[in-house]
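Per-entry structural report
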Amino acid sequence: MDCTRCQMLAQLAKNEEMVILREKPVLHRNITELVDGARRECWWCVRILTHLQTECKALPSALQGLPSDVTLQSGFERTFPFRSSVDFYRYQDANYQWGIKCDIFDDERLCEFPFFVGETLPSDAVLKYPYAMADDTNSQETWDYITDRLDNCKTNHTCTLREQSSPYLPTRLIKIRLGDDGKMHFRLVLTSNGGACDRYITLSHRWGTDRPLKLTRERIGKFQDDIPQHEMPPKYIDAAIAASKLEIQYMWIDSLCIIQDCPDDWGRESGTMDKVYQRAYCNLAATSSMDYSEGLFYKRSLSNVSPHKICLPESGNIVVVSQDTDLSSFYELDREPLYYRGWVCQERLLSTRNISFGRRLVCFECAEEFSCEIRGDAERSWKPLLTYPKSINNINNLPAESAKKLWYRIIEFYSRTEVTEPNDRLVAISGVVRHCQLALGPEYLAGLWKSNLELDLCWTSERGNGRVPNYRAPSWSWASMEGAVSFSGRGCSIKCRRLVDFVDTYVTLAIEANPYGAVLDARIRLIGWVFPMFHKGCESCESQERKQARIDIFYHDITELVNGLVFLDDFGSPGPGRPIDLNELGSMDCYLLPVVYSSRDEYIYTPSMNCLILVAVTPSRGVYRRVGMMDLMIDREEWEASMFSPKKDEWNMEKIIEHMLPFLARKYQHCKVPSYEGHTLEKHEIILV
């Protein structure tokens, strides 16, 4: 049923012609209208409210939960200004279908929510799902879906071989037993004592602000006797129910299987996360719950999952409107609250099988499948895009270039997540690193691989959140940044030439037992060209006559023949309406270090010289730290028209490099590099920290 306000949307969906609205009509004038519609089970209102709850982190707590749970006091709409408006749009798929877009505002635009208008069908058409669904994710229908996908994986996929490749049990497990009193009983077992079998499940969850029940040195003996059910959080109870339905007696939960007040135990156990999750039968992910007090399962309205049928009176047919395209259900999974947590990214990547329990849907992932209740398996042609977290299971079988590309995608995905303890950034991905060692190793340096160091150095900061205030990684590591990073397609180059020579590397680990975890110090000693960008006290650099900041002069000079794109670590990447303010570097003496020359396609992609922007830390000793990146890109037409290209068909990497380096040297020959007294076209040794 459509509420009075949303009948407008139903009328728009009946319009088979693309309509451009001169003004976007207001759908909901305040939050009360939206909630009232959702309580009356208006198909549109339920979805808009759920989307608002998912997308807006600053949403008042009074608006969380099912519509019946939402508590609105008189005048609340004035304390939370809200309105939604409507527009048409087209989206590209196999049929070039169109849709209706709902824009949601408070004082500013909060988010948008698309509805996809599908094909016209006879009025008696039956819309079928791959699996029967019920209004509870702990229903028999849901477990029929889960067991079917697990059985299919065990029978038809190679995941079982990986799970059984080398027997492993974690140090501790929780044993589950159903007593004669009908209650579940739990106790901690030490696997070294032969107290466990070879099958267990794991749980991925958010701890939240209130710390859950946890294992401490004081309680380890007591937990080996009994863990009282009344002390177990609802999520842990639900995980035990799930294990029982799968006929598994053991589960591993981080807070109960790692001694939380023992740094040595935590350091040792955190270094084995790859094995814990790889060897588990499956991982249960509480994707929608925000803290330990919520359970794993949810009541749900099937109207919030099913598409909407709108009658066309003229023809007697129906038009189907949905919030899901064939793939959007899978994209939606990545936006669940749990998957913004750094530790869980690793758990999802490494688990042999992953079952995500959300408010709307349950999804299943393994190395060869990505499915959900309403869509079945994702189309195979889309799997590389959708399932790259699980593609890590096959990384050791990939060609070198593909393995590098997958690693960069993993780090880009991981860098968008959050860690409660800032120093956990490297530790929380260390299990993934261990798994990738055969493909990318053997030497790993604070987030970078020595075998691919020249390209690994060339990341850029996406959001400009800056570096963490306290040291957790060297300036040249992506792990030193607060927010998301990008490698911008690096690792896909057909041609690549390293422009520096790596002499030595140095790493001091925080915990020796985990060589892929936190670091106290890390340095790279290399030989390369260091070009001064500008100096304080240099008349040419500070050029008062042109009345421009030194960095602006540099940027103008360097782009006479090449295009320069600057990325400052503390201020993010340039974008529409968000130019980089180069003057942020005006108070520093900065230097340019060409690191690698790369070309993805010599006929399509503009070759670029990727350079680090450095500042001197200890000039006399040649110690520098990174503050940004600059990509110097050569336009092919300008290159061929220049005096440096004697032949029109000459598009040669060596020739371009031979041109670029003298070009830089001529521009900055008036300045001196503090770590070197020779000519700037001569390589010399520096240290990056």
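Everything below is about the structure shown above.
Residues numbered from 1 in each chain as written. Predicted model: local features only at pLDDT ≥ 70, side-chain atom pairs only at ≥ 80, totals over all residues. Heavy atoms only, no water.

Focus: the overall build of the protein
Put simply, the rule is: Labels follow the DSSP assignment, with helices taken as runs of H or I lasting at least four residues and strands as runs of E lasting at least two, numbered in each case from the N terminus. Burial status follows relative accessibility: with a 1.4 Å probe on protein chains alone, a residue under 20% of its type maximum counts as buried, one over 50% as exposed, and anything between as partly exposed. Using the Shrake-Rupley algorithm and a 1.4 Å probe, accessible areas are obtained, with residue cover drawn only from the displayed protein chains.
Helix and strand counts for the protein come out as 22 helices and 28 strands. Within the protein, buried positions represent 55% of all 689 residues. For the protein, the exposed area adds up to about 30800 Å²; of that, 48% sits on carbon and sulfur atoms.

Considerations on the side chain of E369
Selection criterion: Within 3.5 Å is the distance limit for a polar contact, defined as a pair of N or O atoms, with the added protein rule that one can donate a hydrogen and the other accept it, and that residues adjacent in sequence qualify only through two side-chain atoms.
With respect to the secondary-structure elements, E369 resides in strand β14 (residues 369-372). A polar side-chain atom of E369 sits 2.8 Å from a polar atom in the side chain of R149. For E369, the side chain forms a polar contact with the side chain of N152, separated by 3.4 Å.

Remarks on the pairing of strand β7 (residues 201-204)
Rules: The criterion for strand pairing is that DSSP finds at least two bridges linking the strands in question.
The side-chain alternation of β7 yields two buried faces, one formed by I201 and L203 and the other by T202 and S204. Two elements, β7 and strand β8 (residues 250-252), share two bridges in a ladder whose sense is parallel. Paired with T202 across the strands is W252, a residue of β8. Relative to strand β9 (residues 282-286), β7 is paired through four bridges, and the arrangement is parallel. Among the inter-strand pairings, S204 is bridged to a residue of β9, identified as A285.

A look at the packing of helix α16 (residues 400-415) against helix α17 (residues 430-440)
Using the following cut-off: Axes, fitted as lines to C-alpha atoms, cover a helix only where it is in contact. Angles between the N-to-C directions of the axes lie from 0 to 180 degrees. If an angle is under 35 degrees, it is roughly parallel; if it is over 145, roughly antiparallel; if it lies from 65 to 115, roughly perpendicular; otherwise it is oblique. It is the rotation of the near helix from the far one that decides the hand of a crossing: anticlockwise by less than a right angle makes it left-handed, clockwise makes it right-handed. Note on definitions: a residue-residue contact is assigned when non-hydrogen atoms from the two residues lie within 4.5 Å. Only Asp, Glu, Lys and Arg are considered charged, only Ala, Val, Leu, Ile, Met, Phe, Trp, Tyr, Cys and Pro nonpolar, and every remaining residue, Gly among them, polar.
Relative orientation of the contacting elements α16 and α17 amounts to 160 degrees, with a least axis distance of 11 Å. With respect to α17, the element α16 is oriented roughly antiparallel. Where α16 crosses over α17, the handedness of that crossing is left-handed. Residue-level inspection shows A403, K404, W407 and I410 of α16 in contact with α17, the latter providing V432, V433, C436, A439 and L440. Here the contact of α16 with α17 is composed, by residue class, of eight nonpolar, no polar and one charged.

Some thoughts on the pairing of strand β6 (residues 184-190)
Where strand β5 (residues 172-178) lies against β6, seven bridges are found, and the strand directions are antiparallel. Paired with L173 across the two strands is V189, which belongs to β6. As consecutive antiparallel partners, β5 and β6 are separated by five residues, and within that stretch G182 has a phi angle of approximately 85 degrees, a positive value.

Some details on the pattern of salt bridges
Note the cut-off: Salt bridge criterion: a side-chain nitrogen from Lys or Arg within 4 Å of a carboxyl oxygen from Asp or Glu.
One pass over the full model with this rule turns up 23 salt bridges. The salt bridge involving R217 is made with D261; its shortest N-O contact spans 3.8 Å. Of this pair, R217 sits in the loop between β7 and α7 (220-225) while D261 sits in the loop between α9 (254-257) and α10 (263-270); the two residues are 44 residues apart in sequence, bridging distant segments of the chain. Note on R217: relative accessible area 51%, which makes it exposed.

Honestly, that's just the spatial picture; any functional story needs more than this.
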